[in-house]
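# Inside the fold
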Amino acid sequence: MKLRFTKMQGLGNDFVVLDGVSQALALSPIQLRQLGDRHFGVGCDQILLVENPHHPDADFRYRIFNGADGGEVEQCGNGARCFVRFVHDRGLTGKRTIRVETARGLITPRLEDNGLVTVDMGAPRFKPAEIPFIADHEAISHSIKVAARMVEISAVSMGNPHAVQVVENVDNAPVALEGPIIEHHPLFPERVNAGFMQIASRSEIRLRVYERGAGETLACGTGACAAVVSGIRRGLLDPSVRVHTRGGELSISWAGEDQPVLMTGPAVTVFEGEIEL
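Residues numbered from 1 in each chain as written. Predicted model: local features only at pLDDT ≥ 70, side-chain atom pairs only at ≥ 80, totals over all residues. Heavy atoms only, no water.

## Let's talk about the overall build of the chain
Helix and strand counts for the chain come out as 4 helices and 18 strands. Taken over C-alpha atoms, the radius of gyration comes to 18 Å for the chain, in line with the 19 Å a tight globule of 277 residues would show. Principal-axis analysis of the C-alpha atoms gives the chain an extent of 50 × 35 × 35 Å. Burial analysis of the chain (277 residues in total) assigns 54% to the buried set. Carbon together with sulfur atoms contributes 49% to the accessible area of the chain, which is approximately 11500 Å² in total. (Helix = DSSP H or I, 4+ residues; strand = E, 2+ residues; numbered from the N terminus. Rg over C-alpha atoms; globule rule 2.2 N^0.38 Å. Buried < 20%, exposed > 50% of the residue type's maximum accessible area, 1.4 Å probe, protein only. Areas by Shrake-Rupley, 256 points an atom, 1.4 Å probe, with all protein chains shown as cover.)

Quick look at the structure:
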């Protein structure tokens, strides 16, 4: 089959975006991995599928698949920004603010006048069962064993699970070594995204994220949200924070418990094409 696609990126976190509204698409894990392969396919961190919604209050449905293993995941912040840019540029909607159905509920991205995209990512979740994370009680931080040492992490869900630790310098943080160990840690039954956060000031952090099923990416939107939320809960950060990733900068704000996290950043179309699957 010949498949039309759009290649997009948000801070270097790159995506193959597929229009499942104008056509019916049902791709196998093998085909998804072929799309994501950087040598034999288009190449991407994740594949985004735009569909008609099932939820009566949503404008679209948003599905996310890892390019590396073809597995479906619940949420992706950088992808959400690319999503709203895609449906607007393709003429699938005239709305600048849309309600999008994801596997973990509704999110509300908005295309700003300056071309950036702001996404209401919903309220973070901290109860262990909702992350999911195996623990006797909810806490701001937990100690877990990683290789031969104990690591202090904050466990939080932004629609997908995150384990965030504070490091002195992200440049020499053990992301490649500890990232996959944390991802597959037995206390996270659905695996987890591993965040490494350096506090630059109360309004600025540097961040690297080893993403579940994808490895380290240049940026992770939900990881940025999770890092800022965990830093605020620890008393280390103010309510509005600039997040510096290897792919660029995001602005994250959170007013506190039960309030939604707001994420603002770019979304860029790289090229369009067609591939034989």
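## Some points on the pairing of strand S11 (residues 161-166)
Among the 6 residues in S11, 5 count as buried, and that is most of the element. Alignment of strand S10 (residues 149-157) against S11, held across 4 bridges, turns out to be antiparallel. In the sheet register, Val156 faces S11, and the bridge partner there is His162. Two successive antiparallel strands, S10 and S11, enclose a turn made up of 3 residues, where Gly159 displays a positive phi of approximately 90°. (Pairing = 2+ DSSP bridges.)

## Regarding helix H1 (residues 29-36)
Of all the residues in H1, the buried ones are Gln31, Leu32, Leu35 and Gly36. All buried residues of H1 project into a common sector of 135° when viewed along the axis, lining one side. Those residues of H1 that are buried are in contact with strand S1 (2-10), strand S2 (13-19), strand S3 (46-51), strand S4 (60-66) and strand S18 (268-276). (Arc of directions from axis to C-beta. Contact = heavy atoms within 4.5 Å.)

## Here we look at the nonpolar core
Residues Tyr62, Phe83, Ile205, Val243, Ile252 and Val261 are the most contacted members of the largest nonpolar core, which totals 50 residues. Take this core: its biggest share by element is 7 residues, from helix H4 (residues 221-233). Those residues within four positions of Phe83 in sequence are excluded, and the remaining contacts are Leu49, Val50, Phe60, Arg61, Tyr62, Ile98 and Val100. If you look at the next biggest cluster of nonpolar residues, it comprises 18 residues, including Val151, Ala163, Val170 and Ala194. (Core = buried A, V, L, I, M, F, W, Y, C linked by side-chain atoms within 4.5 Å.)

## Some points on the environment of Gly115
Within the fold, Gly115 resides in the loop between strand S7 (105-111) and strand S8 (117-120). Taking C-alpha positions, Gly115 is 9.5 Å from Val268, a pair spaced 153 residues apart along the chain.

## As for the side chain of Thr217
Relative to the elements of secondary structure, Thr217 occurs in strand S14 (residues 215-217). The class of Thr217 is buried, set by a relative accessible area of 7%. Here the side chain of Thr217 touches Glu211 through a polar contact of 2.5 Å, side chain to side chain. Excluding residues that lie within four positions of it along the chain, Thr217 makes contacts with Asn13, Asp45, Val209 and Glu211. (Polar contact = N/O pair within 3.5 Å; in protein donor to acceptor, adjacent residues only side chain to side chain.)

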